[in-house]
4 protein chains.
Amino acid sequence: MTPYAVLEERARAVLPQAVFDYYAGGAGDHETLSANTRAWSAVRLRPHILRDVSRVDTATTVLGTRVAAPVLVAPTAFHRLAHPTGELATAEGTAAAGSLLVLSTRASTRIESVAAVAGPWWFQVYVLRDRALTRELVQRASAAGARALVLTGDTPYVGRKRRDRSSLAIPDEDFRVNLERLTDVSLAEQAPDVTFDDIGWLKEHSGLPVLVKGVLRADDAVRCVEAGAAGVVVSNHGGRQLDGAVASAEALPEVVQALAGRGEVLVDGGVRSGQDVMRALALGARAVLVGRPILWGLATEGATGVQRVLAELQEDTAHVMALAGASSVAEVTADLLAAPR
Amino acid sequence: MTPYAVLEERARAVLPQAVFDYYAGGAGDHETLSANTRAWSAVRLRPHILRDVSRVDTATTVLGTRVAAPVLVAPTAFHRLAHPTGELATAEGTAAAGSLLVLSTRASTRIESVAAVAGPWWFQVYVLRDRALTRELVQRASAAGARALVLTGDTPYVGRKRRDRSSLAIPDEDFRVNLERLTDVSLAEQAPDVTFDDIGWLKEHSGLPVLVKGVLRADDAVRCVEAGAAGVVVSNHGGRQLDGAVASAEALPEVVQALAGRGEVLVDGGVRSGQDVMRALALGARAVLVGRPILWGLATEGATGVQRVLAELQEDTAHVMALAGASSVAEVTADLLAAPR
Amino acid sequence: MTPYAVLEERARAVLPQAVFDYYAGGAGDHETLSANTRAWSAVRLRPHILRDVSRVDTATTVLGTRVAAPVLVAPTAFHRLAHPTGELATAEGTAAAGSLLVLSTRASTRIESVAAVAGPWWFQVYVLRDRALTRELVQRASAAGARALVLTGDTPYVGRKRRDRSSLAIPDEDFRVNLERLTDVSLAEQAPDVTFDDIGWLKEHSGLPVLVKGVLRADDAVRCVEAGAAGVVVSNHGGRQLDGAVASAEALPEVVQALAGRGEVLVDGGVRSGQDVMRALALGARAVLVGRPILWGLATEGATGVQRVLAELQEDTAHVMALAGASSVAEVTADLLAAPR
Amino acid sequence: MTPYAVLEERARAVLPQAVFDYYAGGAGDHETLSANTRAWSAVRLRPHILRDVSRVDTATTVLGTRVAAPVLVAPTAFHRLAHPTGELATAEGTAAAGSLLVLSTRASTRIESVAAVAGPWWFQVYVLRDRALTRELVQRASAAGARALVLTGDTPYVGRKRRDRSSLAIPDEDFRVNLERLTDVSLAEQAPDVTFDDIGWLKEHSGLPVLVKGVLRADDAVRCVEAGAAGVVVSNHGGRQLDGAVASAEALPEVVQALAGRGEVLVDGGVRSGQDVMRALALGARAVLVGRPILWGLATEGATGVQRVLAELQEDTAHVMALAGASSVAEVTADLLAAPR
């Protein structure tokens, strides 16, 4: 079993079935969920030998923020379902690992409380049907110290997950923790009419750079940066939105090529090892985000588990970089990639 | 399990084994039967994000008839084997869902009775060895209100199905319900000498537009419209005729390209989800036809089951269109397709 | 289960394990054995519709001899292991089916006895280490009425089959039935120094046309006809010689193209259905040879079983030709083939 | 089961689990370990027929040394774990088979003792953190009669193997047998700063030609020979270093093409049959090295087992060369290869 599979099994053992299914599941027939991991494996590597790799440095920056490794914490919902200390533990573990947290709109802990214990962090935005409430949220995030917003663009409606059939009930207090003003719960749903124009609207009201998450095509990536985005996250929402969508590893190259440096390109979806991190960088990503592994670390060991997952990924990334002859992330380029078979 | 698989299992539970096998089976080694579904899955999607999808309209027209969604009811035989109310239930459920029924020559209910409860419907034609009988059937269909004929072109002989080994006996009353005049049963078999010339013959005697079903190649599609057809249905008869034939999703693009708008192109075979509907439209089909899912709905819940299958497919189509950034069927184009891998 | 699989299981039930393994097995890891059948399945068909197929004629000629279908009986060894009546039964069943028998050098029945009951037949030649003995054999075959020789070119040594481990002992009387003069048994082994020059030598001593069996490449095919061969059999010896060799369906097109009509091209290996026969013809073969199916028919029902296998293949070929819109073998062309995926 | 699989099972039965796992395992998820064998199988062969193959000669030379077959013994560690007589048995068996031994830096027997019983042999070098110790080792090897050095270039750090989890403890006496002077055990680890410059350093101190093992790309191969290497071994260390690296059969062609004869190209990884040997030669390798099969032979039968493995591979290579129409290794060329599918 891979280290990831071991961790996942441990999380499955400690979590209520409905919670595990909620996190682990994907949309539809899981075509895209399984394609994500397969697509990374299909990227074959051509390592260099006889390089001096006595020192390997995985550090990099994302939107100017230094991180210990090109591995960030993806926004995921309701961490108190996974562990009583919820996002506080995630923030502490992330900070201890020298990584960066992307805090979800669907966090089950108050933004300001998380900010108090976090290292560098960004705020993930769902534009809600109640836009005033949305504006308030991003202003609170900005005031609390978020360094950027991550606008999720692929969720006009929530994708249908089969494994949710067990019908997980999100506790009302978790759902409302950042939405005290909310009267009509339907107004807290994602707005289905979010467009590229909202990028500017979010920048204006938050004073923060905006990344757009959920991009799977070159043209949309270009529209994002032309609308003012600082970059994009190539993502299919971990296989949880449109089942049948291309794997993120498959979409990454065309986005990198289209932006040609006009914005930073991150990627998420199925990254489970140092090899996958190296593959993403070789395909042109600046960094990856990991979601489910963090939740499994959180579920099994709280803040320590989150830190451990990130530390092990960083260490594994350093190890495989050394085996490929790369001493720094700048040396991880497309030169390491074999032609697809 | 997919919703389709759940439905199929429920139908298997309520149907006699021989009836289930008759409907579920395919020709030969099931190469084409299984290729049909695999081929849709292989069509990977590149969704657009940040589009206003607050309203998604799945409505379209087929040969000028408005339908609630680009999902029609494929012609299938002997519905009274699946449910005591047979084609009457199918017609009612189809009408309630705002869809269109293609009534089979092998219906087990009188054409006129079905017409009395149906919404818009077409009549599927097997040219029988007794051509006078065939003419009479299409004239009855025309008189009863059929809006078009669908000539099945791929069945000069019935393909061999292994699972039929249980040797389903079609009740004589079901077989003869529309063939009172029939004396020699062999004359009710499909004629093996049907050619493109019969398209004009059918138009002439029925006064109706004719679609040809069973087309798998560009040249045949062109000959159909040159012989007067209003369009074609790309189909391998659900994998029930020539085993080893290409999947319908594989044949669709060359037919669309060859006709270049000179006729409408529908498709059937293995369509099981909203994604598959969207894939067919993106590949150039105007609409899809579904066969087995309708039979499973009919078997399990009669008219309500038929309506439910169609309503769920429509709703699923709307959902995935929204996730792909398309508000109307006109916006579902080849732009959404990834290059084949 | 396919009809072939059913037949194979019945043969497995009646044959001693060592005999079944001897016939069913292949060389090495069975890579080529399994590739043979997979390669036919990979040839996808594009059927024509709306053709008059009221009459379908499978008849053709091979080297001028008329056969009821383009399906001949491949040379296989020691039929008395499969059935007490051995090659006599095979010859009778083949004649009854209107097919042509290729009698093996390793027949377990006297050539003259087989000839007495056979329809048209050819004689398969292994050039033996004792060339005088070889010459004698082909002269006896010629005198007995063989219409051609089939020189097996791919067996300088016998390929190693794992399933032979049960070490089938060929009865000495079966081995020697056509080799009365033999003193040193090693001289009855295949000669490892057979070359293209032996084609002329065989023609000269037999007065018969010579086909070369075992060709898998264009250049060798050309050398065969330049050395006087009347044609070739594209074959990897049913996966029994070089494991890892290309499937015969994969090698067929380059041979057809290279010969460009300068000789007849037959093919064997993994042909199990009418579809496979049609695929072979569409790829340019004049006819196919079947080996193991004949042995299973022989084992289970003697001459009747052989006839039944051939009749069913002929009938299945006619059926799928009709479903593809072809009324004669001349109409089965590359036009029916989809591009490889 | 293949002969290799049978042998492996016998070795599994006699070895302690931890030792078997240590030898059999690979890095990470075993992606590269399994890709190695799959990649050889994917190389399909186009045999020639009707060649005189009464005599087939598998002999060749490597760096001027004649070997009975193009199959050498790869360097592997600590043979005393596999058999009490350790490298002495390996050396004797290799010599008896007419092959060449590559003795590992991690041998568990004194270099001089092995040399006393070996036929031709090379010495595999890990440049250790203690370079003086390294120099001493290669000078001892040279003095003892090694004909070349094989510098392993792909192991700046040891790859992580999951199956090692059982944590095999290498006996200290085995680890130190050639390192009497060693005080700080960490200095016996592989140096992570080995570069192309060390090729010249090794040549200078040993007076021997140097091959570089672990090359998977054309550019690195060129740098090796430009730095003075006599050739390279295309290798991913049997899937034990960078998991996700290309299979050695996939990397081989680009290295052969890039060197264009400027150095000898050997290959290892997943070679398990005569076919694989022939495939490697057809792809341009001068010879292959085998590792695990030798260990299984050693474990099961000591020197006799090693000899048997090599003799059977030689014999199998001769057999398949005959079936492909090649009488000598010079006749095994790319002409025998089918285009990849």
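One can find the structure itself at the top, above this paragraph.
Model, not experiment: these values are computed from the prediction. (Residues numbered from 1 in each chain as written. Chains lettered and ligands numbered in written order. Predicted model: local features only at pLDDT ≥ 70, side-chain atom pairs only at ≥ 80, totals over all residues. Heavy atoms only, no water.)

A. Representation of the interface of chain B and chain C in the model. If you look at the interface, chain B gives 38 residues, while chain C gives 30 residues. Taken together, the two surfaces of chain B and chain C that pack against each other cover about 2700 Å², and 52% of this comes from carbon and sulfur. The largest share of the area that chain B buries against chain C comes from B:R160, B:R217 and B:L242, three residues that together contribute 26% of it. Our count for the chain B to chain C interface comes out at seven salt bridges. At the surface where chain B touches chain C, the tally comes to 16 residue pairs in polar contact (both at pLDDT 80 or more). Mapped onto the side of chain B that touches chain C, the elements with two or more residues apiece are α3 (31–41), β7 (210–215), α9 (218–226) and α10 (248–259) of chain B. If you tally residues by element for the side of chain B that touches chain C, the top one is α9(B), at five residues. Each residue belonging to the side of chain B that touches chain C can be placed in one class, and the counts come to 18 nonpolar, six polar and 14 charged. (Contact = heavy atoms within 4.5 Å. Buried area = accessible area lost by both parts, 1.4 Å probe. Salt bridge = Lys/Arg side-chain N within 4 Å of Asp/Glu carboxyl O. Polar contact = N/O pair within 3.5 Å; in protein donor to acceptor, adjacent residues only side chain to side chain. Helix = DSSP H or I, 4+ residues; strand = E, 2+ residues; numbered from the N terminus. Nonpolar A, V, L, I, M, F, W, Y, C, P; charged D, E, K, R; others polar.)

B. Structural context of the arrangement of the chains. The two units chain A and chain C never meet; even their closest C-alpha atoms stay 14 Å apart. With no contact between them, chain B and chain D keep their nearest C-alpha atoms 14 Å apart.

C. The packing of aromatic side chains, seen in detail. Residue and element names in this part refer to chain A. The final tally for this structure, using the stated rule, is 16 aromatic pairs over all chains. With 4.9 Å between their ring centres and 20 degrees between their planes, F20 and W296 make a pair best called stacked. Here F20 is found in helix α2 (residues 17–24), whereas its partner W296 is found in helix α12 (residues 292–323), with 276 residues between them in sequence. The exposure class of F20 is buried, given its relative accessible area of 1%. Ring-pair connections join several aromatic residues into one group, and the members of that group are F20, Y22, Y23 and W296. The ring of W201 is capped by R131, whose NZ or CZ atom sits 5.9 Å from the centre of that ring. (Phe/Tyr/Trp six-rings, centres within 6.5 Å; stacked < 30°, edge-to-face > 60°. Buried < 20%, exposed > 50% of the residue type's maximum accessible area, 1.4 Å probe, protein only. Lys NZ or Arg CZ within 6 Å of the ring centre and 35° of its normal.)

D. Spatial organisation of the packing of helix α11 (residues 274–282) of chain A against α12(A). All names here are of chain A. For the pair α11 and α12, interaxial distance at closest approach is 7 Å and the crossing angle is 65 degrees. Judged by the inter-axis angle, α11 sits roughly perpendicular to α12. Of the two elements, α11 crosses α12, and the hand of that crossing is right-handed. For the pair formed by α11 and α12, the contact residues are G274, Q275, V277 and M278 on the first element and L313, D316, T317, V320 and M321 on the second. Looking at the contact of α11 with α12 residue by residue, the classes come out as five nonpolar, three polar and one charged. (Axes fitted to C-alpha atoms, helices over the stretch in contact; angles between N-to-C directions. Parallel < 35°, antiparallel > 145°, perpendicular 65-115°, else oblique. Left-handed = near helix turned anticlockwise from the far one by under 90°.)

E. Broad picture of the relation of the copies chain D and chain A. The transform that puts chain D on chain A rotates by 90 degrees and translates by 0.1 Å along the axis, for an RMSD of 0.0 Å. Classification of the inter-copy transformation places it as that of a four-fold axis. (Least-squares fit on C-alpha atoms with pLDDT ≥ 70 in both.)

F. Up close: the interface of chain D and chain A. Listed by partner, the interface residues are 38 residues for chain D and 30 residues for chain A. With both chains or domains summed, chain D and chain A bury close to 2700 Å², and 52% of this area falls on carbon and sulfur atoms. If you sort the residues of chain D by the area they bury against chain A, D:R160, D:R217 and D:L242 come out on top, with a joint share of 25%. Viewed at the interface, chain A and chain D are joined by seven salt bridges. Counting across the interface, chain D meets chain A through 16 residue pairs in polar contact (both at pLDDT 80 or more). Of all the secondary structure elements, the ones that give two or more residues to the side of chain D that touches chain A are α3 (31–41), β7 (210–215), α9 (218–226) and α10 (248–259) of chain D. Ranked by the residues each element gives to the side of chain D that touches chain A, the list is headed by α9(D), at five residues. Of the residues that constitute the side of chain D that touches chain A, the class distribution is 18 nonpolar, six polar and 14 charged.

G. How the structure looks around the packing of helix α3 (residues 31–41) of chain A against helix α10 (residues 248–259) of chain A. Residue and element names in this part refer to chain A. Where α3 contacts α10, the two axes come as close as 7 Å, and the packing angle between them is 65 degrees. Within the contact between the two elements, α3 uses N36, A39 and W40 and α10 uses S248, A249, E250 and L252. Tallied by class, the residues present in the contact of α3 with α10 amount to four nonpolar, two polar and one charged.

H. Structural context of the pattern of salt bridges. Residue and element names in this part refer to chain A. Considering all chains together, one arrives at 90 salt bridges over all chains under this definition. Between R131 and D198 there is a salt bridge whose closest N-O contact spans 2.5 Å. Linking R131 in helix α6 (residues 131–144) with D198 in helix α8 (residues 197–206), this pair joins segments that are 67 residues apart in sequence. Residue classification places D198 among the buried positions, given a relative accessible area of 6%.

I. Spotlight on the pairing of strand β9 (residues 264–268) of chain A. Residue and element names in this part refer to chain A. Within β9, five of the five residues are buried, which leaves the element mostly enclosed by the surrounding structure. Covered by surrounding structure in β9 are E264, L266 and D268 together with V265 and V267, the residues of both alternating faces. Direction of pairing for strand β8 (residues 231–234) relative to β9: parallel, over a ladder of four bridges. Its bridge partner being in β9, V233 is matched across the sheet by L266. Each parallel crossover has a hand, and the one from β8 via α10 to β9 is right-handed. Bridging between β9 and strand β10 (residues 287–290) involves three bridges; their strand directions are parallel. Paired with L266 across the strands is A287, a residue of β10. (Pairing = 2+ DSSP bridges. Right-handed = clockwise from strand over helix to strand, strands pointing away.)

J. Up close: the environment of B:H83. Residues and elements named next belong to chain B. Tracing the backbone shows H83 in the loop between β3 (71–73) and α4 (86–96). Taking the C-alpha atoms as reference points, H83 and P16, separated by 67 residues in sequence, lie 11 Å from one another. One polar contact links H83 to T85, side chain to side chain, over a distance of 2.7 Å.

K. Local environment of helix α8 (residues 197–206) of chain B. Residue and element names in this part refer to chain B. If you check which residues of α8 are buried, you get D198, I199, W201, L202 and S206. One side of α8 carries all its buried residues, which in axial view fall inside an arc of 165 degrees. Of the exposed residues in α8, the ones pointing more than 90 degrees away from its buried face are D197 and E204. Against the buried residues of α8 lie β5 (121–125), α6 (131–144), β6 (149–152), β7 and α9. Where α8 ends, the next residue or the one after it, G207, has phi of about 70 degrees, a positive value. (Arc of directions from axis to C-beta.)

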